[in-house]
Amino acid sequence: MQEGLQEGLLKGSQDDRQEGRQEEVATMLLRMLRRKFGPVPESILAKVAAADFELIEKWWENLVFASSVDDVFL
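This write-up is about the structure you can find in this document.

Rules used throughout
Residues numbered from 1 in each chain as written. Predicted model: local features only at pLDDT ≥ 70, side-chain atom pairs only at ≥ 80, totals over all residues. Heavy atoms only, no water. Core = buried A, V, L, I, M, F, W, Y, C linked by side-chain atoms within 4.5 Å. Buried < 20%, exposed > 50% of the residue type's maximum accessible area, 1.4 Å probe, protein only. Helix = DSSP H or I, 4+ residues; strand = E, 2+ residues; numbered from the N terminus. Contact = heavy atoms within 4.5 Å. Polar contact = N/O pair within 3.5 Å; in protein donor to acceptor, adjacent residues only side chain to side chain. Arc of directions from axis to C-beta.

## Some remarks on the nonpolar core
Item 1. Counting residues in each nonpolar core, the largest one holds 17 residues, and the members touching the most others are Leu33, Val48, Trp59 and Phe73.
Item 2. Counting residues per element, the ones that place at least two in this core are helix 1 (2-37), helix 2 (42-50), helix 3 (53-65) and helix 4 (69-72).
Item 3. If one sorts the elements of this core by residue count, helix 1 sits on top with five residues.
Item 4. Dropping the residues within four chain positions of it, tryptophan 59 is found in contact with Leu29, Lys47, Val48, Ala51, Val72 and Phe73.

Structure below.
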């Protein structure tokens, strides 16, 4: 039972770290979008908030060469 509890705590800790990392990456993406393109539409804010980590990473890569906000989310 003790081993199961430890595994559960470890899994919860890993999930919390992943969620925190995802929030940080999303926040930085939005910050860079604002810096590059100005105010970010509510629809984009909602899209980023609902996205998983892998999709946010893809958008970060797209941001480098994007000439518009829409180019980031292709």
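Having put the structure on the table, let's press on.
## Here's the deal with the environment of leucine 33
Item 1. Looking at where leucine 33 falls in the secondary structure, it is placed in helix 1.
Item 2. Measuring from C-alpha to C-alpha, the distance between leucine 33 and valine 72 comes to 8.9 Å, with 39 residues separating the pair along the chain.

## Side note on the environment of asparagine 62
Item 1. With respect to the helices and strands, the residue asparagine 62 is situated in helix 3.
Item 2. Classification of asparagine 62 by relative accessible area gives partly exposed; the value is 22%.
Item 3. Remark: the alpha-carbon pair of asparagine 62 and valine 72, spanning 10 residues in sequence, is separated by 4.9 Å.
Item 4. Aside from chain neighbours lying at most four places away, what touches asparagine 62 is Asp71, Val72 and Leu74.
Item 5. At 2.8 Å, the side chain of asparagine 62 forms a polar contact with the backbone oxygen of valine 72.

## Thoughts on helix 3
Item 1. Within the sequence span of helix 3, burial applies to Phe53, Ile56, Trp59 and Leu63. Looking straight down helix 3, one finds its buried side chains confined to an arc of 115 degrees; they lie on one side. Turned more than 90 degrees off the buried face of helix 3, the exposed positions are Glu54, Glu61, Val64 and Phe65.

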